[in-house]
Amino acid sequence: MSGFSPDWLALREPADHAARDPALVAALARVLPGPVRAVDLGCGSGSNLRALAPHLGPDQDWVLVDHDPALLIAARSRLAAWAERAEAAGDGLVLHRDGARIAVRFSALDLAAGPEAALSEAPHLVTAAALFDLVSEAWIAALARAVAAAGAVFYTALTYDGAEEWTPPHPADAAIHAAFLAHQGGDKGFGPSLGPAATAALARAFQAHGYAVETATSPWRLGPGEAALLHQLAEGTARAAAETGRVAAEAAEAWREARRAPGTGAVIGHRDLLAVPP
């Protein structure tokens, strides 16, 4: 899987947290009323835990899984700073915040071969954020089997859904977007990526195991206050579009430069999903 830098993850975290659908988070909290054992797949620097832990009660035990040891180091540092108090506990941490005790362990694990190894401790919750548009349908099917075998609840946020609207309009918008979608369908380490089809594939996979599935939209709504994020997003989009060869490098560069102008905004579509076992 392609790497993501801690700086990029820190830049996008406020937009990610603002975009999550609150009703789906509240529904998740209702189905996990007691002590929670959670596994966060592709945890990055721990943003998903920071978003969910305030809603999940006073007794939580998390395993944060990522293939990149540098991101696990960043997660440890950022979580310790986020907590009101943090204590070392073996190789992990115990965090204290808002009356909750949150035990966190870190697991360097390459999920590309399958998710089963990450779920060996019978979690109550399996979760991830901004991950599943990068994986294949076969990988999602394996995930649903493993989660169902554990009897766990499944929740994911911020799966890209392909909807984008940049403002003001630019003549290259449609070509850049089509090329970006083509690039996203490449293999990111998990087989051919599903891109915007991922949420529908997740829903089908969990429904096949008898899960009740709810989805909700969670778009980024970016304006002048998110200029740094917009600049990085335009940079990555233009680069990906040019790599496909479907858009000339000069056209991609002109679009990128236009998107760095003051007054640029964007709505970038995502979906959240909650799957509850029968």
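This text follows the structure it describes.
Okay, so let's go over this structure.

Calculation criteria
Residues numbered from 1 in each chain as written. Predicted model: local features only at pLDDT ≥ 70, side-chain atom pairs only at ≥ 80, totals over all residues. Heavy atoms only, no water. Phe/Tyr/Trp six-rings, centres within 6.5 Å; stacked < 30°, edge-to-face > 60°. Helix = DSSP H or I, 4+ residues; strand = E, 2+ residues; numbered from the N terminus. Buried < 20%, exposed > 50% of the residue type's maximum accessible area, 1.4 Å probe, protein only. Core = buried A, V, L, I, M, F, W, Y, C linked by side-chain atoms within 4.5 Å. Contact = heavy atoms within 4.5 Å. Pairing = 2+ DSSP bridges.

### Focus: the packing of aromatic side chains
The relation between two aromatic rings is expressed through the spacing of the ring centres and the mutual angle of the planes.
Phase 1: Inspection of every chain in the model, using the stated rule, returns seven aromatic pairs.
Phase 2: Here the aromatic rings of Trp 139 and Phe 190 are separated by 5.2 Å at their centres, their planes lie at 90 degrees, and the arrangement is edge-to-face. Remark: Phe 190 occurs in the loop between helix H6 (173–184) and helix H7 (198–207) and Trp 139 occurs in helix H5 (residues 137–150); sequence separation between them is 51 residues.
Phase 3: Given the relative accessible area of 7%, Phe 190 is considered buried.
Phase 4: One aromatic cluster in this structure is built from Phe 132, Trp 139, Phe 154, Phe 190, Phe 206 and Tyr 211.

### Quick word on the nonpolar core
Phase 1: The biggest cluster of nonpolar side chains holds 57 residues, and the ones touching the most others in it are Leu 28, Leu 49, Leu 64, Ile 102, Leu 125, Tyr 155 and Trp 220.
Phase 2: Examining the composition of this core, we find that seven residues originate from one element, helix H8 (residues 227–243), more than from any other.
Phase 3: Discounting residues that sit within four places of it in the chain, Leu 49 has contacts with Asp 40, Pro 54, Trp 62, Leu 64, Leu 79, Trp 82, Ile 102 and Val 104.
Phase 4: Counting 31 residues, the second largest nonpolar core, distinct from the first, contains Val 63, Val 135, Ala 146 and Phe 206.

### A look at the pairing of strand E2 (residues 59–66)
Phase 1: Of all eight residues in E2, six are buried, a share of seventy percent or more.
Phase 2: With six bridges joining them, strand E1 (residues 36–41) and E2 adopt parallel strand pairing. Looking at the pairing, Val 36 lines up with Gln 60 of E2.
Phase 3: Judged from the eight bridges that link them, E2 and strand E5 (residues 100–108) form a sheet pairing that is parallel. In the strand pairing of E5, Trp 62 is matched with Val 104.

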